[in-house]
Amino acid sequence: MRRVCTILARAGSVGAPGKNTRLLGGVPLVAHSIRHAQATGLFDAIVVSSDDPAVRWIAEGEQVELVVVRPAEFATSTAGKIPAIVHAVETAEVELGRDFDVVVDLDVTAPLRTPEDVAAAVALLETDPGVTNVITGAPARRSPFFNLVERAPDGTVSLVRPTDPPLRRRQDAPECFDMNASVYVWWRATLSADLPVVNAGTRLHVMPEERSHDVDSELDWSIVTHLHGLRAEAEEGRT
């Protein structure tokens, strides 16, 4: 089973400029995901794709197998991520001279995941032949059955998923999860088939909320920095 891990990092960020190269615990943000992948010992190749020379320089210093220059058409704020992942994988297959069976993408903005989260998501795919891909998520803080509403053009408000009779307690609602965009796992053939990210064969690896924060804004950066510091203190206390 040959596995490739892709890590994509655009140069532009409106909410948190320069986030991919900012230091978190003394380590550039992009390097956290690289080290998570390396720590699993699962991957035949780790591929970093970026239009940012600073990100590529950091990736080279982390000794990944391949650094790819992300094409401009895949690096705009409106470009989808999956075409950029496919480009990175196809480039790796040509440059490294090998095909891959499993593709794992780690989002740079999710540094609070653990290598164990990555390994668990991969195992969820590989141990069930009926699974097409795996996503990660955390228990949702709002429920579409209880306290998540949508507003109609006329201004009226209703629950996203009303029940009959209405639920009186959130605890009675079906389990719901927030996709945390931390780990994505595909069979290589599934990725090539361009199936929706969530389809009939999708499975979910559940992560706790404290490992599911990502960085899209300055507020997110403050939260992630705080949580990362607390984890570092806890780990230091155990040594």
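Check the entry above for the structure.
Now for a quick tour of the structure. (Residues numbered from 1 in each chain as written. Predicted model: local features only at pLDDT ≥ 70, side-chain atom pairs only at ≥ 80, totals over all residues. Heavy atoms only, no water.)

**So, the overall build of the protein**
Then, in step 1: Regarding its fold elements, the protein presents six helices and 12 strands.
Then, in step 2: Relative to the compact-globule value of 18 Å for 239 residues, the protein shows a C-alpha radius of gyration of 19 Å, a close match.
Then, in step 3: Taking all 239 residues of the protein together, the buried fraction comes to 42%.
Then, in step 4: Partitioning the intrachain contacts of the protein with sequence separation of at least 6 by distance along the chain shows that 72% fall at a separation of at least 24. (Helix = DSSP H or I, 4+ residues; strand = E, 2+ residues; numbered from the N terminus. Rg over C-alpha atoms; globule rule 2.2 N^0.38 Å. Buried < 20%, exposed > 50% of the residue type's maximum accessible area, 1.4 Å probe, protein only. Contact = heavy atoms within 4.5 Å.)

**A few points about the nonpolar core**
Then, in step 1: One finds Ile7, Val104, Leu106 and Val185 to be the most contacted residues of the largest nonpolar core, which totals 34 residues.
Then, in step 2: When residues of this core are traced back to their parent elements, those giving at least two are β1 (3–9), α1 (29–40), β4 (45–50), α2 (53–61), β6 (102–106), α4 (115–126), β11 (183–187) and α6 (218–238). (Core = buried A, V, L, I, M, F, W, Y, C linked by side-chain atoms within 4.5 Å.)

**Focus: the packing of aromatic side chains**
Then, in step 1: Throughout the structure, instances matching the rule amount to one aromatic pair.
Then, in step 2: Measuring from ring centre to ring centre gives 5.8 Å for Tyr184 and Trp186, while their planes differ by 10°; the resulting arrangement is stacked.
Then, in step 3: With relative accessibility at 5%, the residue Trp186 sits in the buried group.
Then, in step 4: If you follow Arg22 out to its NZ or CZ, it ends over the ring of Trp221, 5.2 Å from the centre. (Phe/Tyr/Trp six-rings, centres within 6.5 Å; stacked < 30°, edge-to-face > 60°. Lys NZ or Arg CZ within 6 Å of the ring centre and 35° of its normal.)

**Thoughts on a negative patch on the surface**
Then, in step 1: There is a patch of like negative charges on the surface, built from Asp44, Glu65, Asp99 and Asp101.
Then, in step 2: Classification of Glu65 as partly exposed rests on a relative accessible area of 42%. (Patch = residues over 30% accessible without salt bridge, like charges linked within 9 Å, V, L, I, M, F, W, Y side chains within 5 Å. Areas by Shrake-Rupley, 256 points an atom, 1.4 Å probe, with all protein chains shown as cover. Salt bridge = Lys/Arg side-chain N within 4 Å of Asp/Glu carboxyl O. Lys, Arg positive; Asp, Glu negative; His and termini not counted. Charge placed at Lys NZ, Arg CZ, Asp CG, Glu CD.)

**Considering unusual backbone geometry**
Then, in step 1: A cis amide bond links Asp164 to the next residue, Pro165, at an omega of 5°.
Then, in step 2: Within the secondary structure layout, Pro165 lies in the loop between β9 (157–159) and β10 (177–179).
Then, in step 3: Phi at Gln63 is positive, roughly 60°, even though this residue is not glycine.
Then, in step 4: Following the sequence through the fold, Gln63 ends up in the loop between α2 and β5 (66–69).
Then, in step 5: Classification of Gln63 as exposed rests on a relative accessible area of 66%.
Then, in step 6: In this structure, Ala181 is a non-glycine residue whose phi angle is positive, near 55°.

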